[in-house]
Structure formats: structure tokens, C-alpha cells
Amino acid sequence: MQSKISTSSLNSKAKKVKTGEKLDIANIQVFNHFYVEEKLREFLDASGESETIFKFGDNADAATSQLAAEEFIAHYKARLKSVSSADKDCKESLKRSLSLFKEQVVEALNVVDPDKYSSYRFDVRVAKRHLDKNGLKSLNTDDYGHHFRTATMDAPDTISAVVLPETSSAKLLKQLRLATSQLTTAIVIQELAADQEVDDWVRLGLRLHNNESVCKFCSGLLTEDRKVDLRKHFDDSSNLVREELARIAATSAAERSKLESWVQDLPKKSEFYPDLQQAADEHISRILNWATRRRDELDNIMKLVERKIEKFYEPLDLPNDFRLEDAPIDDLEQLINAHNLRSADHAEAALNSANAIVEHLAERHSTQYKIADARVPRLADLQAKLSARLQHHEDRAAHYKAAQTDAAVMAKSIDDDVKNVFGRQDIDVRPSSDATGYVIARHGLPATNLSEGERKIIALSYFVRSLEADDVDQDNLVVVVDDPVSSLDRENMYAAFAWLNEKLDHYPQSIVLTHDFELLRLYTVSTSNQRKASLKKIGGGNAAEKWFPRVNFLELSRCENFSHPEQNIQLQEFPVFLLQHNSEYHYLFNKVVTTARSDGDDSLLPLVGNASRRLLEGFATFEGPAGTSFQEKIDMACKGKVDDIVKNRVVKFAHGQSHRENPNPSTGVDLPTVRKELQTLLGLIRGCNSEHFERMCKATQTTPDW
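Here goes a summary of the coordinates provided. (Residues numbered from 1 in each chain as written. Predicted model: local features only at pLDDT ≥ 70, side-chain atom pairs only at ≥ 80, totals over all residues. Heavy atoms only, no water.)

Glancing now at the overall build of the protein. Secondary structure assignment for the protein yields 26 helices and 9 strands. Relative to the compact-globule value of 27 Å for 706 residues, the protein shows a C-alpha radius of gyration of 61 Å, a clear excess of over 25%. With respect to the principal axes defined by its C-alpha atoms, the protein has extents near 185 × 80 × 55 Å. Taken over 706 residues, the protein has a buried fraction of 43%. (Helix = DSSP H or I, 4+ residues; strand = E, 2+ residues; numbered from the N terminus. Rg over C-alpha atoms; globule rule 2.2 N^0.38 Å. Buried < 20%, exposed > 50% of the residue type's maximum accessible area, 1.4 Å probe, protein only.)

Okay, structure coming up:
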């Protein structure tokens with residue numbers, strides 16, 4: 001269990017800070033272990049020097065120069081702050097441009113190549129390389145759409161060449177005209193020409209009666225003149241014409257069928273690259289119009305042939321020659337070639353389109369990026385120059401400030417304290433060779449391996465003298481001194497108390513923390529009258545004195561808080577009995593008894609074990625002064641008074657709790673058991689010397705309840 005006694009004193013200059021009011025931390029000066037280690041370690045190890053404690057002189061020129069240097073410092077600090085802010089904004093702009101560019105590229109092209117255009121692969125380094133390029137080109141909406149489609153689409157198939165079918169409507173028309181013109185060599189028998197069925201029947205009958213003179217059907221006479229007329233009617237030229245008409249009809253039908261198939265085989269516009277589809281649609285439409293006209297011609301020829309065959313001997317009105325232009329397939333062929341070339345090189349085209357999109361996106365951010373990128377090194381250079389100028393003027397200010405100080409004065413003050421207050425004539429504190437700090441010497445040599453007491457004396461003197469520096473606001477100063485006499489022998493402790501008490505009296509408020517009961521006794525005695533006067537005012541209803549007593553004693557103790565481990569320090573009123581009995585034995589007795597009570601503070605149980613051990617040691621020393629060990633003293637104190645079983649139980653508990661400052665409850669004894677063991681230990685003291693036990697209870701204002 002650890003406790004500290006805090007003594008606080010106020011003088012007439014003290015500034016009272018009310019609850020809720022902000023306390024200026026800069027006006028608090030603290031002396032503790034951390035102060036010594038962080039500020040004076042190299043100085044006390046003789047491996048370095050301390051800072052100079054500034055006491056200004058009357059060097060007016062140096063003071064004026066210092067003020068001028070400080071004006072420059074303020075100017076350059078303001079400029080440096082402004083430039084640093086601009087540099088931060090510039091770097092943020094760079095970061096923002098890079099980030100937006102990366103995000104847009106990944107969003108647009110991740111579908112093209114998820115590996116290449118990922119946040120991992122398309123990183124800051126790649127983004128910077130693109131943004132650093134010159135001559136970047138942007139795309140309009142249509143071009144961007146084209147490149148995006150090219151980059152994201154799969155490679156389309158190649159398109160077969162268009163082979164024009166053989167169609168000759170004009171030629172067939174000529175053949176039809178020629179065939180119909182040959183009918184003039186025959187004699188037309190009107191009654192036969194008027195009836196095709198009869199005409200066909202007579203044609204067959206003539207072939208059957210070629211050498212006959214009597215008709216086999218009607219037995220009528222078949223004259224030679226009649227046969228001649230019939231032969232002329234059925235002339236070979238007529239047969240040839242009929243055959244030619246049949247051939248022309250078949251050829252027209254075949255060509256029309258080929259034309260239909262050819263039209264069906266024409267490429268569709270959807271087979272072309274998207275940017276070629278409009279042109280493809282126009283070319284295909286022209287070809288389809290041409291094919292429609294050619295088909296109409298063939299249909300017309302077949303109708304003419306059909307009419308001629310039906311009315312073979314009637315004249316046929318034929319149209320003029322067909323003068324249809326050639327099929328307009330050249331433009332479509334060129335478009336197909338362009339498509340096929342691109343299809344063969346689609347991978348390269350897709351890559352080029354992706355690069356065009358990246359370049360377009362880079363161009364959108366490049367200007368802002370390049371402006372910021374160019375400014376960053378200029379701002380860094382400017383910051384370096386400003387920092388150099390600032391350092392120059394800070395060095396000048398420090399130089400002129402040092403010119404107004406006399407390092408030897410404060411070095412002598414510390415040296416006098418060490419020699420005259422603490423009697424260490426073998427130790428010298430002197431200015432360093434360049435008068436920028438202090439060094440420690442022993443017999444003219446660097447003082448290495450100082451004892452803990454020597455280190456404490458020198459550090460305490462340096463701290464107290466540093467409070468006298470001209471750059472310390474002494475009128476609003478709170479001084480805190482933690483453990484000023486640890487590691488000091490009794491003689492040096494008394495010297496430190498008297499000297500420290502005198503020095504701290506100059507400041508508005510001072511707080512001293514200590515574990516040492518002898519130092520507590522010195523403070524209670526030295527402040528007795530002041531404290532009585534303060535209590536009298538408080539008793540008389542003086543509210544100001546109640547809130548801000550001239551002298552006050554408080555207790556800081558550590559307790560175990562399992563629910564909130566960080567809240568294990570408590571500040572409380574100082575026990576009144578300790579002001580009357582300033583001994584560690586009285587304090588330990590009070591703590592152990594009050595904790596052992598059934599209504600004692602459970603949070604102290606894990607910590608009070610060590611206190612009980614020290615209490616038992618003090619009692620045993622008093623009761624068994626001739627013993628040379630703890631066990632011998634206990635044996636002498638308990639002999640004939642306490643049962644050995646109880647004695648051994650108490651000794652075992654005391655040994656187990658020795659120096660047990662921070663026990664782990666999960667591995668130690670449970671709390672009710674600790675309380676029971678404390679009661680047994682106190683019972684041993686009562687059993688050994690009940691009169692002493694009762695007097696201690698009265699003196700420490702405690703009452704056991706077991």
C-alpha cells in the first residue's frame with residue numbers, strides 16, 4: 001500500500017482558481033523523478049550540460065537586438081505557417097487529382113481488363129505517369145462513345161465478300177424479241193390459233209396422219225393441200241420458238257431465284273462495327289433497291305413469255321431494252337474490307353481505344369495536377385529557405401538573450417547551495433566552457449557516478465534556482481515538489497527542509513508530496529501556528545479560508561479499483577491523529593485496523609498486506625529488541641502469550657504479503673480471507689501487549705469490531 005502526504009501552503013500573492021476555472025498549466029512547475037530524468041539526466045551523468053537559467057542584465061544593445069530578432073521570428077513564423085498551409089493544400093490537390101483520375105479509369109475500363117484496370121494495378125505510380133504526359137487529347141461525346149464501345153466489345157466476325165449473281169434481264173429481253181420475230185415464216189390457221197387445245201390436238205393428229213389420206217377419226221378426206229397448210233401452220237420455226245420461250249422462262253426463273261438467295265445472303269448492318277453500321281445500312285439499301293428493280297424486270301419477262309405461249313399466234317408488245325445500271329456493290333465492298341481489317345486487328349484497336357479513354361480522362365485532370373505538382377517543390381524550397389531564415393533569427397535571438405545573462409551567477413548560486421546548505425565541498429557546479437549551460441565537477445574533473453543523494457541535492461537546487469529565472473512568471477506560479485528528501489540522510493533532510501521551506505515561501509502556492517514521516521513532522525511543527533490560525537478562521541465561518549486555507553495537509557493513497565483500473569488514486573482529508581502523532585507506526589496501525597473492520601474499505605484489502613507486515617515488524621522490534629531477526633523478535637514477543645499455531649499463521653501471512661504492492665486477485669487469497677488474516681495479526685499484537693494495543697487504538701482513533 002502506498003500513500004503520500006501532501007502539504008500545501010498559500011501566501012498573500014496566491015491567485016485563487018475556482019472550480020471550473022481553467023488553470024494555466026504553463027504556470028505550474030513540477031519537481032519529480034520525470035523532471036530529473038528528462039531535463040537533467042545527461043547533466044547529472046556528466047555526459048552533457050544543463051540549460052542556462054536566464055537572469056537578464058543591463059545590456060541595452062543586446063536587448064534591442066533581441067527584440068528586433070524576435071520581430072523577424074514572428075514574421076518568418078507567420079510566412080512559414082502560410083507556406084506550410086499552401087503546401088498542404090497543394091499536396092491535397094495532387095492527391096485529389098490522382099485519386100479521381102484513378103477512380104474514373106478503373107470505373108470506365110475495369111470491364112475491359114479487370115486485372116490491368118484494377119485499383120491495385122492502376123496505382124498512383126501508373127496514374128502519375130499518365131498525368132505527366134504532354135499533348136494529351138480529350139474526346140467529344142461521340143468519339144468517347146466509339147472508343148468505349150470498341151474497348152468493351154468482343155471482336156466481331158469477318159464478313160464474306162459480296163459476289164454479284166449472274167442476272168441478264170436485258171439479254172433475255174433481246175432473246176424474247178428474236179424468238180417472237182421468227183413466227184413470220186409460218187401460215188396461221190385462225191381456227192387453230194384461236195383455240196390452243198384444238199391446235200395441240202391437230203398437231204398430234206398431223207403427226208399420226210403424215211402418210212394417210214383419210215382421217216382415222218372422222219373418215220373424212222385429208223387432202224395434200226390441207227396437209228401442206230397444216231405443216232406450214234405447225235412449221236419447225238414455231239416449235240423452235242416455243243422451245244426458246246420455255247428456255248427464256250426457265251432462265252428468268254432461275255436468275256430470279258439466284259437473285260433472291262443473293263439478297264438473303266447480303267451482310268446485315270448489325271454485323272459491322274458500330275461506327276460503320278450507318279454507312280452499311282445506306283449501301284445495303286441501295287443494293288436492295290437495285291435488286292428489286294432487277295427482280296421486277298425478270299418477273300416482267302416471265303409474264304411476257306407466259307402471255308406469248310398462251311396466245312402464241314398473237315403479236316406480243318415488247319418493252320424497249322432494259323438499261324439497268326450495274327449493281328452498286330463497290331462501296332459496300334470497301335466497307336466490308338475496312339470492317340475485316342479492323343476485325344483482324346481488334347485486340348490492337350481495343351487497346352488503342354482504351355488508351356484513348358485513359359488519355360481523355362488524364363487530360364481532364366492534368367492541368368490542375370501539373371500546376372500543383374510544379375508548386376510542391378517550389379513550396380518545399382521556399383519552406384526550407386524560410387526555415388533557414390527563421391533558424392538564423394532564432395539563433396540571433398538566443399545569442400542576444402544569452403548576451404544579457406550571466407551564466408556564472410546562477411551556477412554560483414547552485415554551487416553555494418550544494419556546498420553551504422548540503423555541505424558537499426567536494427562538488428563544484430560551474431558554467432560550461434561556452435557559457436551556454438552548467439557542468440558538474442568533483443576535484444576538478446567531470447563528476448561521474450554521483451550517488452542518488454548527490455543527484456537529488458543538485459537536481460533539487462537546480463530546480464529551485466530555475467524558479468528565479470527572469471522568464472518565469474513568479475507572481476502566478478504553483479510549485480509542486482515530489483519526494484524532495486528521498487535518498488537523503490537525516491542531516492541533509494533537515495537542511496533540505498529548512499532551505500526548501502525558505503525558498504518556496506516566495507511563491508504564491510507550493511505543494512510538497514512525501515512518503516517520509518520525519519519530513520511530515522517537520523512541516524506540521526513549522527506550520528503549527530499558521531494552521532491553528534487558519535482553523536480558527538474556518539471555525540469562525542470564514543468561507544474564503546475554508547476554500548483556500550493558508551496551510552493544508554491531505555492524503556494521497558492508491559486503492560484497487562477493479563471496475564476502473566485507471567482510477568486508482570484517491571485524495572482525502574489528512575487523518576487528524578497523524579497531525580498529533582507523526583510516526584509511520586501510528587499511520588500503519590490506523591490503516592490496518594480500519595481495513596480489518598467488517599465495515600472497512602474493501603478496495604484497500606489487496607494493498608494493506610505489506611502495511612500489516614511493516615506494522616508487525618515495528619511492534620516486534622519494540623517487544624523483542626534483543627532479537628537479531630524478524631522471527632526471533634516475534635518469538636520473544638509472543639513467548640508465553642500467544643499460541644504457536646496463531647503465531648506461525650501470522651508469520652506466514654506476513655511473509656506472503658511482504659512487498660506485495662500490486663497483487664493479482666485471481667491468484668492471491670480472496671478478500672474475506674485477507675480481512676480475517678488481518679484480524680488475526682492484530683489479535684497477536686493485542687495478545688502480546690493488550691495495554692499497548694488499547695493505547696494505540698485510542699491514539700489513532702480506531703476501534704476494532706471483532
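All right, on to the packing of helix α6 (residues 169-181) against helix α11 (residues 277-310) then. Running from N to C, α6 and α11 point in directions that differ by 15 degrees, and their axes come no closer than 10 Å. By the criterion of interaxial angle, the relationship of α6 to α11 is roughly parallel. Note on packing geometry: the crossing formed by α6 with α11 is left-handed. Counted together, S169, L172, L173, L176 and T180 of α6 and R294, E297, L298, I301, L304, V305 and K308 of α11 form the full contact between these two elements. In terms of residue class, the contact of α6 with α11 is built from 7 nonpolar, 2 polar and 3 charged. (Axes fitted to C-alpha atoms, helices over the stretch in contact; angles between N-to-C directions. Parallel < 35°, antiparallel > 145°, perpendicular 65-115°, else oblique. Left-handed = near helix turned anticlockwise from the far one by under 90°. Contact = heavy atoms within 4.5 Å. Nonpolar A, V, L, I, M, F, W, Y, C, P; charged D, E, K, R; others polar.)

Another aspect to go through is the pattern of salt bridges. For the structure shown, the criterion picks out 39 salt bridges. The partner of K227 in a salt bridge is E224, with the nearest N and O atoms 3.9 Å apart. In this pair, K227 and E224 are both assigned in helix α9 (residues 224-233), 3 residues apart and thus about one turn of the helix distant. With a relative accessible area of 1%, K227 lands in the buried category. Note that D428 is salt-bridged to R430, the shortest N-O span being 3.5 Å. Because the salt bridges share partners, they merge into one network encompassing R256, E260, R295 and D299. (Salt bridge = Lys/Arg side-chain N within 4 Å of Asp/Glu carboxyl O.)

This brings us to the sheet that holds strand β3 (residues 427-431). Taken in spatial order, the 3 strands of this open sheet run β3-β4-β5, and their pairing is antiparallel. The outermost strands of the open sheet, each flanked by one partner alone, are β3 and β5 (445-446). In this fold helix α14 (residues 407-421) packs onto β3 and β4 (438-442), with an angle of close to 170 degrees to the strand it touches most, β3. (Pairing = 2+ DSSP bridges.)

Moving on: the layout of surface pockets. A water-sized probe rolled over the atoms picks out the places where empty space is left. A volume near 380 Å³ is recorded for the second largest pocket. Lining the second largest pocket are 17 residues, and of these W201, V202, G205, C215 and L222 sit closest to its centre. Breaking the lining of the second largest pocket down by element, the ones donating at least two residues are α7 (190-193), α8 (196-208) and α9. A per-element tally of the lining of the second largest pocket places α8 first, with 6 residues. Of the residues belonging to the lining of the second largest pocket, the class tally is 12 nonpolar, 3 polar and 2 charged. (1 Å grid on protein atoms, 1.4 Å probe; cavity = no way out; pocket = protein on both sides within 12 Å on 5 of 7 lines; lining within 4 Å. Points joined across faces, edges and corners; volume = space filled by probe spheres on them.)

On to the packing of aromatic side chains. Using the criterion set out here, one finds 16 aromatic pairs in the structure. Judged by centre distance (6.1 Å) and plane angle (50 degrees), the rings of F43 and Y462 are tilted. Here F43, found in helix α2 (residues 41-44), pairs with Y462, found in helix α15 (residues 452-466); they are 419 residues apart in sequence, far enough to count as distant. Each of the two residues, F43 as well as Y462, counts as buried. Between F553 and F574, the aromatic rings sit 6.1 Å apart at their centres with planes inclined by 45 degrees, giving tilted as the arrangement. Taken together, the residues F553 in strand β8 (residues 551-558) and F574 in the loop between β9 (569-573) and α20 (576-580) connect sequence positions 21 residues apart. In terms of burial, F553 and F574 fall into one category: buried. An aromatic cluster of at least three residues, connected via ring pairs, comprises F31, Y35 and F463. In this structure, R342 packs its charged tip against the face of Y273, placed 4.2 Å from the ring centre. (Phe/Tyr/Trp six-rings, centres within 6.5 Å; stacked < 30°, edge-to-face > 60°. Lys NZ or Arg CZ within 6 Å of the ring centre and 35° of its normal.)

On to the environment of A654, then. By the secondary structure assignment, A654 is in helix α24 (residues 644-657). Residues A654 and E677, spaced 23 residues apart in sequence, show a C-alpha to C-alpha distance of 9.2 Å. Discounting chain neighbours no more than four positions away, the residues touching A654 are R613 and L616.

Here the focus is unusual backbone geometry. Look at S219: it is not a glycine, yet its phi comes out positive at around 65 degrees. Tracing the sequence through the fold places S219 in the loop between α8 and α9. Judged by relative accessible area, which is 57%, S219 ranks as exposed. Positive phi values are uncommon outside glycine, yet S487 reaches one of about 75 degrees. Mapped onto the elements of the fold, S487 is located in the loop between β6 (478-482) and α16 (490-504).

Take the packing of helix α21 (residues 584-596) against helix α26 (residues 690-699) next. Between α21 and α26, the shortest axis-to-axis distance is 10 Å and the interhelical angle comes to 90 degrees. Put simply, α21 runs roughly perpendicular to α26. Contacts from Y585, H586 and F589 in α21 reach H692, F693, M696, C697 and A699 in α26. Here the residues of the contact of α21 with α26 sort into 6 nonpolar, 2 polar and no charged.

A surface patch of nonpolar side chains, amounting to about 380 Å² of accessible area, comprises V198, W201 and F217. With respect to the helices and strands, the residue F217 is situated in the loop between α8 and α9. (Patch = residues over 30% accessible without salt bridge, like charges linked within 9 Å, V, L, I, M, F, W, Y side chains within 5 Å. Areas by Shrake-Rupley, 256 points an atom, 1.4 Å probe, with all protein chains shown as cover.)

Here we take up helix α5 (residues 141-152). Taking 1.5 Å per residue, 12 residues should reach 16 Å; α5 reaches 16 Å between its end C-alpha atoms and fits that length. Looking only at α5, the buried set comprises G145, H147, T150 and A151. By the N-cap criterion, in which a side-chain oxygen at the helix start approaches the backbone nitrogen of a residue two or three places on, α5 is capped by N140, the distance to D142 being 3.2 Å. (Expected span 1.5 Å × (residues − 1). Polar contact = N/O pair within 3.5 Å; in protein donor to acceptor, adjacent residues only side chain to side chain.)

What follows covers the nonpolar core. Of all hydrophobic cores here, the largest spans 87 residues; its most connected members are Y438 and L616. Not counting residues within four places of it along the chain, the set of residues in contact with L616 comprises F630, I634, V650, A654, L681, L684 and I685. Of all hydrophobic cores here, the second largest spans 33 residues; its members include A69, C90, L131 and Y369. (Core = buried A, V, L, I, M, F, W, Y, C linked by side-chain atoms within 4.5 Å.)

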